Amino acid sequence: MTRKLAELDWPHRTARLSLRPAVAEDGAAVWPWYRDPSVSEWLVSAAGDADQFVADYAERLPHSLVALLDGRPVATARVAVQDAWAQKEAVDRARDQEAELGWVVAPGFQGRGIGTEVAEALLAIAFDGLGVRRVIALCFADNTASRRIMERIGMRREGTYVRDSLHRSGRWLDGMSYALLAEEWHRRKP
Ligand SMILES: CC(C)(COP(=O)(O)OP(=O)(O)OC[C@H]1O[C@@H](n2cnc3c(N)ncnc32)[C@H](O)[C@@H]1OP(=O)(O)O)[C@@H](O)C(=O)NCCC(=O)NCCS
């Protein structure tokens with residue numbers, strides 16, 4: 001049975017970071033990161049104004065985490081449990097079997113391995129904590145930093161989609177999907 005993020009033991013600690021479920025107050029603190037063009041460039045939606053962002057962020061709380069470095073928020077993450085694809089007769093058995101992962105590192109803290117450390121933690125949270133059988137992550141092919149994270153944490157590139165994704169700039173970009181199965185992750189754990 002898959003668990004919910006709120007049911008896990010928190011905080012989740014890594015070598016440098018402490019991850020916890022996001023709370024509504026985090027929205028205002030992370031808005032400046034999301035409105036930075038280098039961040040919003042790759043995200044599903046632009047940050048908008050502060051009030052709108054805080055309201056949108058509040059709706060995403062059930063699958064949002066914040067990573068702290070020395071007590072200060074430096075990254076946000078997403079672990080969204082979803083149903084796996086299944087034939088109609090098997091739909092009930094495919095419920096909550098997957099988690100989609102995502103990450104944003106504060107612009108001033110990028111390039112120090114924090115994104116990779118957060119992503120590694122998300123694998124442990126998704127597989128050991130929630131008990132999903134597969135994780136996926138999606139990105140624009142041009143998002144080199146995010147792709148490198150997926151590859152570094154051992155996710156497999158499973159799809160490259162040619163000019164399938166319309167960027168808000170009006171360009172049709174290539175998309176990519178990565179995935180990892182629980183059994184693969186457990187096999188490679190020390
Ligand atoms: C993607 C992101 C989370 C990476 O965070 P990070 O803390 O800088 O990641 P790391 O320091 O662990 O570095 C990961 C790799 O990306 C590289 N990298 C970091 N910033 C980069 C950049 N701006 N451009 C290209 N490569 C970059 C690092 O050098 C490292 O590469 P390497 O494997 O060749 O050594 C961060 O850039 C970010 O928040 N981007 C905007 C939001 C986003 O794209 N989220 C993902 C949507 S799919």
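J.: An account of the pattern of salt bridges is needed here, citing residue identities and associated values.
T.: One pass over the structure, following the stated rule, counts 13 salt bridges. For glutamate 100, the salt bridge identified is with arginine 78, shortest N-O distance 3.6 Å. Residue glutamate 100 is located in strand S5 (residues 98–105), and its partner arginine 78 is located in strand S4 (residues 72–82); the two are separated by 22 residues in the primary sequence. What makes glutamate 100 buried here is its relative accessible area of 17%. The partner of arginine 156 in a salt bridge is glutamate 184, and the shortest N-O contact between them spans 2.6 Å. Note that arginine 156 is positioned in strand S7 (residues 156–166) and glutamate 184 in helix H6 (residues 182–188), a separation of 28 residues in sequence. For glutamate 184, a relative accessible area of 19% translates into the label buried.

J.: Which residues make up the site of the ligand, and what are the values?
T.: For the ligand, the set of nearby residues contains 21 residues, the closest of which are Trp103, Gly111, Gly113, Thr116 and Arg148. Note that an oxygen atom of the ligand is positioned 3.4 Å from one of the side-chain N or O atoms of glutamine 110. The separation between an oxygen atom of the ligand and a polar side-chain atom of arginine 148 is 2.8 Å. The pocket occupied by the ligand, as judged from atoms lying within 2 Å of grid points, is the largest pocket.

J.: Got a sec to walk through the environment of valine 81? Specific residues and values, please.
T.: By the secondary structure assignment, valine 81 is in strand S4. Valine 81 sits in the partly exposed class, given a relative accessible area of 32%. Residues valine 81 and glycine 170, spaced 89 residues apart in sequence, show a C-alpha to C-alpha distance of 30 Å. Other than its neighbours up to four places away in sequence, valine 81 contacts Thr2, Asp96, Glu98, Ala99, Leu130 and Val132.

J.: For unusual backbone geometry, give the residues involved together with the corresponding values.
T.: Cis rather than trans, the peptide bond between tryptophan 10 and proline 11 has omega equal to 0°. Counting through the fold element by element, proline 11 comes out in the segment before strand S1 (12–13). Notably, aspartate 70 is not glycine yet its phi reads approximately 50°, a positive angle. Within the secondary structure, aspartate 70 sits in the loop between strand S3 (64–69) and S4. In this model, arginine 163 sits at a positive phi of 45°, which is unusual for a non-glycine residue. Looking at arginine 163, the relative accessible area reads 59%, which means it is exposed.

J.: Break down the packing of aromatic side chains for me, with residues and values.
T.: Per the counting criterion, the structure on display carries four aromatic pairs. When the centroid spacing of 5.8 Å and the interplanar angle of 25° are considered together, the rings of phenylalanine 53 and tyrosine 57 count as stacked. Here the residue phenylalanine 53 and the residue tyrosine 57 both occupy positions in helix H3 (residues 50–59), the gap between them amounting to four residues, near one helical turn. Centroid distance phenylalanine 127 to tryptophan 185: 5.4 Å. Interplanar angle 35°. Geometry classified as tilted. Taken together, the residues span a long stretch of sequence, with phenylalanine 127 in helix H4 (residues 114–130) and tryptophan 185 in helix H6 at a distance of 58 residues. Classification of phenylalanine 127 as buried rests on a relative accessible area of 5%. In textbook terms, an aromatic cluster arises when at least three aromatic residues are bridged by ring pairs, as seen for Tyr34, Phe53 and Tyr57.

J.: Go over the side chain of threonine 76 with me, naming the residues and quoting the values.
T.: Turning to its location among the elements, threonine 76 is positioned in strand S4. Of note is the side chain of threonine 76, whose polar atom sits 2.7 Å from the side chain of tyrosine 34. If we ignore the near neighbours within four places in the chain, the residues touching threonine 76 are Val30, Trp33, Tyr34, Tyr57, Leu65, Val66, Gly102, Trp103 and Val104.

J.: Would you mind going over the nonpolar core in detail, with residue names and values included?
T.: Generally speaking, nonpolar side chains in soluble globular proteins are found buried as a group. The biggest cluster of nonpolar side chains holds 54 residues, and the ones touching the most others in it are Val79, Leu101, Ile114, Leu122 and Val135. Considering each element in turn, this core owes the most residues, eleven residues, to H4. Sequence-distant contacts of leucine 122, that is, excluding residues within four places in its chain, are made with Leu19, Leu65, Ala77, Arg78, Val79, Leu101, Gly102 and Trp103.

Conventions adopted
Residues numbered from 1 in each chain as written. Predicted model: local features only at pLDDT ≥ 70, side-chain atom pairs only at ≥ 80, totals over all residues. Heavy atoms only, no water. Salt bridge = Lys/Arg side-chain N within 4 Å of Asp/Glu carboxyl O. Helix = DSSP H or I, 4+ residues; strand = E, 2+ residues; numbered from the N terminus. Buried < 20%, exposed > 50% of the residue type's maximum accessible area, 1.4 Å probe, protein only. Near = heavy atom within 4 Å. Polar contact = N/O pair within 3.5 Å; in protein donor to acceptor, adjacent residues only side chain to side chain. 1 Å grid on protein atoms, 1.4 Å probe; cavity = no way out; pocket = protein on both sides within 12 Å on 5 of 7 lines; lining within 4 Å. Sits in = over half its atoms within 2 Å of the grid points. Contact = heavy atoms within 4.5 Å. Phe/Tyr/Trp six-rings, centres within 6.5 Å; stacked < 30°, edge-to-face > 60°. Core = buried A, V, L, I, M, F, W, Y, C linked by side-chain atoms within 4.5 Å.

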